[in-house]
Amino acid sequence: MRKQIAAANWKMNLTLQQANALMDELLATPHQLKDSQEAVFGVPFPYLINIKNKLAGKKNVFVAAQNCYDKKAGAFTGEVSAEMLKSIDVDYVILGHSERREYFNESHAMLAEKVNLCLTNGLKPIFCCGEPLAIRDAATQNAFVENQLKESLFHLSAQQLTGFVIAYEPIWAIGTGKTASNEQAQQMHAHIRSVMAKQYGTAVAESISILYGGSVKANNAKEIFAQPDVDGGLVGGASLVAADFAVIINSLK
Ligand code: PEP
């Protein structure tokens, strides 16, 4: 079975004290991970080492950075490289979140470079894609998402994409309380898998974990995750509430 993943995206929230308290509370809240399941915590850069240490020895639990820079090293004040993240034992890196694409003008080419740098450094990307409302209203979301995948991932080899993680996040559902319906999520996830299958073959496509993101909550995670092509979720708001995120972890297939 391909990996089922509950990934938290804390975004630019929480002080160190609040982050510690949230993680302590979550660790004290009953949640269970089977062999094929993972929980991933996308925490702000300054807390990565601290949260990683808190999770030491816990099975199938990992940390993620929320970004990295698209250059190897050098005079880029304020940026963080993939190599730096690897040197502190970060596991995953969230790339191409719609907030980064929109507010920081991240292009397909920049994201392709970030993916390359992560893979070169042994970091696992969680590659985000998803359409804005106008594209959904125009019913052109399939072509839009296919282009995002093509432009930033299709230079990779089949081997590099085996076991890869993609997060489909319709922008109109992020932080809005408006979740894609189970059918909308399944339809797009199946489309993403078919796009990857067309390019790389069925075995590669079947190995890719495709997470759904967009107002996943404790009360809707189970039904969304139950869709055959939904392999868990990338969760913003609800990942900031320990009890809710524990329920979301327990909702994985
Ligand atoms: C996200 O930030 O990736 C996200 C899906 O946020 P939310 O769960 O709050 O919609």
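Here's what I pulled together on the structure shown here.

### What about the pattern of salt bridges?
Close approach of charged atoms lets side chains of opposite charge pair. According to the stated counting rule, one finds 15 salt bridges in the structure shown. The shortest N-O distance in the salt bridge between Asp 229 and Arg 2 comes to 3.9 Å. Residue Asp 229 is found in the loop between helix H11 (221-225) and strand S8 (232-235), and its partner Arg 2 is found in the segment before strand S1 (4-9); the two are separated by 227 residues along the sequence. In this structure, Asp 24 and Lys 54 form a salt bridge, with 2.7 Å as the shortest nitrogen-oxygen distance. Taken as a pair, Asp 24 in helix H1 (residues 16-28) and Lys 54 in helix H2 (residues 48-54) lie far apart in primary sequence, 30 residues in all. In this structure Lys 54 comes out as partly exposed when scored by relative accessible area, which is 25%. It is possible to trace a salt-bridge network through shared partners that takes in Arg 2, Arg 193, Glu 206, Asp 229 and Asp 231.

### Focus on unusual backbone geometry
A positive phi angle is found at Lys 11, which is not glycine, with a value near 55 degrees. The phi torsion at Asp 89 lies on the positive side, around 65 degrees, for a residue other than glycine. Structurally, the position occupied by Asp 89 is in the loop between helix H3 (82-87) and strand S4 (92-95).

### Considering helix H5 (residues 108-120)
The terminal C-alpha atoms of H5 lie 18 Å apart, and with 13 residues this matches the ideal 18 Å at 1.5 Å per residue to within 8%. For H5, the complete set of buried residues consists of Leu 111, Ala 112, Lys 114, Val 115, Leu 117 and Cys 118. Where the residues of H5 are buried, they touch H3, S4, helix H4 (98-103), strand S5 (124-129) and helix H7 (141-153). In the segment just after H5, Gly 122 is the residue with positive phi, at about 75 degrees.

### Topic: the site of the ligand
Around the ligand there are 14 residues in total, and Lys 11, Glu 169, Gly 175, Ser 215 and Gly 236 lie nearest to it. One of the side-chain nitrogen or oxygen atoms of Asn 9 is found 3.4 Å away from an oxygen atom of the ligand. Contact distances for the ligand include 2.8 Å between an oxygen atom and a backbone N or O atom of Gly 236. The protein chains hide 97% of the 290 Å² of surface that the ligand would expose on its own. For the shell around the ligand, the class distribution of residues is four nonpolar, eight polar and two charged.

About the criteria used
Residue numbers restart at each chain and count upward from 1, following the sequence in its written direction. Under the rules for a predicted model, residues below a pLDDT of 70 receive no local features and side-chain atom pairs below 80 are neither given nor counted, while totals for whole chains, interfaces and linings still include all residues. As a convention, hydrogens and water are excluded, and side-chain values are obtained from all of the structure's heavy atoms. The salt bridge criterion pairs a side-chain nitrogen of Lys or Arg with a carboxyl oxygen of Asp or Glu, the two atoms within 4 Å. Secondary structure elements follow DSSP: runs of H or I of four or more residues count as helices, runs of E of two or more count as strands, with numbering from the N terminus. Only protein chains enter the accessibility calculation, which uses a 1.4 Å probe; a residue is then buried when its area is under 20% of its type maximum, exposed when over 50%, and partly exposed in between. What a helix should span is 1.5 Å times the count of its residues minus one. We call two residues in contact whenever any of their non-hydrogen atoms come within 4.5 Å of each other. In these notes, residues near a molecule or strand are those with any non-hydrogen atom within 4 Å of it. Identification of polar contacts relies on pairs of N or O atoms within 3.5 Å, with a donor-acceptor requirement for protein atoms, meaning one able to donate a hydrogen and the other able to accept it, and with residues adjacent in sequence counted only if both atoms are side-chain atoms. For every accessible area listed, the method is Shrake-Rupley and the probe measures 1.4 Å; residues are considered covered only by the protein chains on display. Three classes are used, and their members are as follows: Ala, Val, Leu, Ile, Met, Phe, Trp, Tyr, Cys and Pro are nonpolar, Asp, Glu, Lys and Arg are charged, and the others, Gly among them, are polar.

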